[in-house]
Amino acid sequence: MQISVPAHRKNPIGIFLSSLLLLAGVVFFYETIGQTIEPETYIGHLLTALVLLCLLQYAARSRLFSPAFLPSVLVGLGWCLTFPLLYFWSYGSSWFVSEIRIDFLFGIGLILLLGSAEAVCMFYTKQPRHTAMIFAVLNFLCLLIPLAEYIYYALFQHCLTPASLMALYLTNPRESLDFIESNFSLPAVLGIALTLTVFLTVAYRCNLRFCRQLVNQASSYSKRPQRLLALLLFLTFIYVPFALFPHTSIVLNWKDVAAHVHETAKYSQYYAQRMQDLKLTNADTLAQKSPGTVIMVIGESASRNYMKAYTPSFAYEDTPWLEQCMQDPDFVVFRNSYSCWVQTVPVLERALTEESQYHDKDFIASTSILDVAKKAGYETYWFSNQGRYGQDDSAITLVAKTADHARWSDDAYELSSKFDEDLLNFLPAVDATKNNFIVLHLMGSHIYYNNRYPENFTRWKTGDAESTEEAYANSTLYTDYVLSQIYQYAKQNLHLQAMIYYSDHGEDLHISHNPDAFRFDMVRIPMFVYLSPEYQRALPVQNRVLHHNQEQFFTNDMIYDTVCGILNAPSNHYDAGQNFASPDYRFNRDTLTTMLGQKQLTEDPYLMNQNTAAEAN
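First, a word on scope: everything that follows refers to the structure included in this document.

Rules used throughout
- Residues numbered from 1 in each chain as written.
- Predicted model: local features only at pLDDT ≥ 70, side-chain atom pairs only at ≥ 80, totals over all residues.
- Heavy atoms only, no water.
- Helix = DSSP H or I, 4+ residues; strand = E, 2+ residues; numbered from the N terminus.
- Buried < 20%, exposed > 50% of the residue type's maximum accessible area, 1.4 Å probe, protein only.
- Contact = heavy atoms within 4.5 Å.
- Axes fitted to C-alpha atoms, helices over the stretch in contact; angles between N-to-C directions.
- Parallel < 35°, antiparallel > 145°, perpendicular 65-115°, else oblique.
- Left-handed = near helix turned anticlockwise from the far one by under 90°.
- Core = buried A, V, L, I, M, F, W, Y, C linked by side-chain atoms within 4.5 Å.
- Pairing = 2+ DSSP bridges.
- Salt bridge = Lys/Arg side-chain N within 4 Å of Asp/Glu carboxyl O.

## Topic: unusual backbone geometry
Then, number 1: A cis amide bond links Ile-447 to the next residue, Tyr-448, at an omega of 5 degrees.
Then, number 2: Assignment of secondary structure puts Tyr-448 in the loop between β5 (436-441) and α17 (468-493).
Then, number 3: Despite not being glycine, Ser-512 shows a phi value in the positive range, around 65 degrees.
Then, number 4: Examined against the element boundaries, Ser-512 turns out to sit in the loop between β6 (496-503) and β7 (524-531).
Then, number 5: A positive phi is found at Leu-596, a non-glycine position, where the angle reads about 55 degrees.

Okay, structure coming up:
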């Protein structure tokens, strides 16, 4: 009996051309998106990849573009092309050549690894169905990261960046569920599930065909191809996941984020040194001149675009208490406040410390407002309804832990399911006979909006459910109520001298607050200050300047210096030019920036329209 040899075994030129076509296609793609491929940079890698792909086809007796290798090729191309392509679509320029080279090598390596592993596994198990099923799942798992990148791009028309990966790194399961609820409709979820099901089905059938082909040809196999496949498997298993994967584009960005988080964690190690170095230059602080309590309330995802007090044309009366405050001379409601960024952690890392976008002060070495308050004679408190943001302490938690008393509503590493009203339960623990500096961190209007208020605050809804705008208005109404209750309690029980409120960032009701899909809605924030009559008599300059600046422009990374000014506690870690309560405040609309210096406030379309209208008049 004569054993037939597959046709492609008689045609090594076909094997060579298949490998060459795949590699040439990838190189042509890189050139098309503007990536200059220098011969000396790629030639060694290309020749090595060409030889190994030819050997894989020879040993496995299948062509590279046959159904047998289709799942592995799709996975490999997913890694070769995804990040460079999405980066190009996002920025109109190419990614770094060194990272693209690694993406290319990892993608080709996956083809070699998966193809050789499946063949070797089939030789030893001789179970086509089980092997095909296992490798269909492996194909799917290897493609998960590229698929996630495409889904993210479909949502936000932007590739994943360190900023978006930072949010992912610090995200907990409950926040992830809120993200999915707010960004994925049921048809989208079903579409993704259907796509994944089709991929798994196709991968299984292709792998099954490959496995059966190997079984049918087993009798014609010599030891040489089997040994060659085993060698390929050994080399790629050592090199691809351990030497290449950690240096792919998306993983490098993730590692940069992780390194930043771990570097930030050193903040607590320098606490004693910072406190020793901090020297107040004025002993006559607010605590000495007018004893009592100062409260700083940090809002969440509050945009003045969707607040009736700021935007009279807004359809919902969601800020009745704040509108009353605007008529009270003891309140200063600022009309042109902006966030410095659109995510909580980077914003509060700056708002709570002397770090800001206007100088290069490093967070680790930065004094916090809690440090200054302690030096100024206050007992410090941190009460939060935000949770602790993940297994690694964020910059917010690190600052919070330096307070004399720090409590979280759930005291867990996750977003709270409790309502902000629960923070009022912490206030009776504050000793009213002392000077107190209290920080309250609200959940505010964090997505999903209709999870942020109790049922009795569902004032607006259409039919049986709220629209996004209605749910957001309900959450704003509830925040307005909570602020009024904090104010009333502190005024009646804690000898309130000053209360400062600002939001971490704003919100776009269609895309939330993603830096990769930036809109100025995301940085237009509310901000107000209450000053008691006793405070106004004790510190008339601060009172006068704050009222004067009601219409002036401000970004919330300067909250630290402003609170230092309100406490009348300047120090060797203080910049009067960043103090909104100082006559020396040096910024205006033309000199302020947001997005950590990437955007000028003058680029805000709302301000540009105002300028156009003013010029027309």
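## Thoughts on the side chain of Thr-161
Then, number 1: Inspection of the secondary structure assignment puts Thr-161 in the loop between α5 (128-156) and α6 (162-169).
Then, number 2: The exposure class assigned to Thr-161 is buried, which follows from its relative accessible area of 9%.
Then, number 3: Setting aside anything within four residues of it in sequence, one finds Thr-161 in contact with Tyr-91 and Asp-516.

## Details of the packing of α5 against helix α8 (residues 186-216)
Then, number 1: Where α5 meets α8, the closest approach of the two axes is 8 Å, and the angle between their N-to-C directions is 140 degrees. The angle between α5 and α8 falls in the class oblique. Note that α5 runs across α8; the crossing there is right-handed.

## Side note on the nonpolar core
Grouped burial of nonpolar side chains is what soluble globular proteins tend to show.
Then, number 1: Counting 140 residues, the largest nonpolar core has Phe-104, Ile-108, Met-296, Trp-382, Phe-437 and Tyr-502 as the members making the most contacts within it.
Then, number 2: A total of 15 residues in this core trace back to one element, the largest contributor, which is helix α4 (residues 97-125).
Then, number 3: Excluding anything up to four places from it in sequence, Tyr-502 contacts Met-296, Val-297, Ile-298, Gly-299, Leu-348, Ala-351, Leu-352, Pro-526, Met-527, Asn-556 and Ile-559.
Then, number 4: Judged by nonpolar contacts, the second largest core, of 46 residues, contains Phe-314, Phe-426, Leu-440 and Phe-528.

## Considering the pairing of β7
Then, number 1: Extensive coverage of β7 is indicated by the burial of eight of its eight residues.
Then, number 2: Both strand β2 (residues 331-338) and β7 contribute to a ladder of six bridges, which runs antiparallel. Within β7, the residue paired with Tyr-338 across the bridge is Arg-524.
Then, number 3: Direction of pairing for β6 relative to β7: antiparallel, over a ladder of five bridges. Bridging across to β7, Tyr-501 finds its partner in Phe-528.

## Side note on the pattern of salt bridges
Then, number 1: Counted by the stated rule, this structure contains eight salt bridges.
Then, number 2: Measuring nitrogen to oxygen at the nearest pair gives 3.9 Å for the salt bridge that ties Glu-354 to Lys-361.
Then, number 3: Close ionic contact of Asp-404 with Lys-374 constitutes a salt bridge, the shortest N to O distance being 3.8 Å. One end of the pair, Asp-404, is in the loop between α16 (395-400) and β4 (405-408); the other, Lys-374, is in helix α15 (residues 369-375), with 30 residues separating them in the sequence.
Then, number 4: Residues joined by salt bridges that share partners form a network here, namely Asp-521, Arg-524 and Asp-604.

## Structural notes on the pairing of strand β1 (residues 293-299)
Then, number 1: For β1, the tally of buried residues reaches seven of seven residues, placing the bulk of the element in the interior.
Then, number 2: Where burial is concerned, the two faces of β1 agree: the one with Thr-293, Ile-295, Val-297 and Gly-299 and the one with Val-294, Met-296 and Ile-298 are both buried.
Then, number 3: Two elements, β1 and β5, share six bridges in a ladder whose sense is parallel. In the strand pairing of β5, Val-297 is matched with Leu-440.
Then, number 4: Bridge count between β1 and β6: seven bridges; the pairing is parallel. Paired with Gly-299 across the bridge in β6 is Ser-503.

## Focus on the sheet that holds strand β8 (residues 553-555)
Sheet strands line up and pair through hydrogen bonds in the backbone, either parallel or antiparallel.
Then, number 1: As summarised here, the arrangement of the eight strands in space is β4-β3-β5-β1-β6-β7-β2-β8, forming an open sheet in which the pairing is mixed. Whereas interior strands pair on both sides, the edge strands pair on one side only; in this sheet they are β4 and β8. The mean angle between the axes of side-by-side strands here comes to 20 degrees, regardless of whether they run parallel or antiparallel.
Then, number 2: Sheet topology note: the β2/β8 ladder contains three bridges and is parallel. Among the inter-strand pairings, Tyr-338 is bridged to a residue of β8, identified as Thr-555.
Then, number 3: Each of β1, β2, β5, β6 and β7 touches α17; the most contacted strand, β6, lies at about 165 degrees to it.

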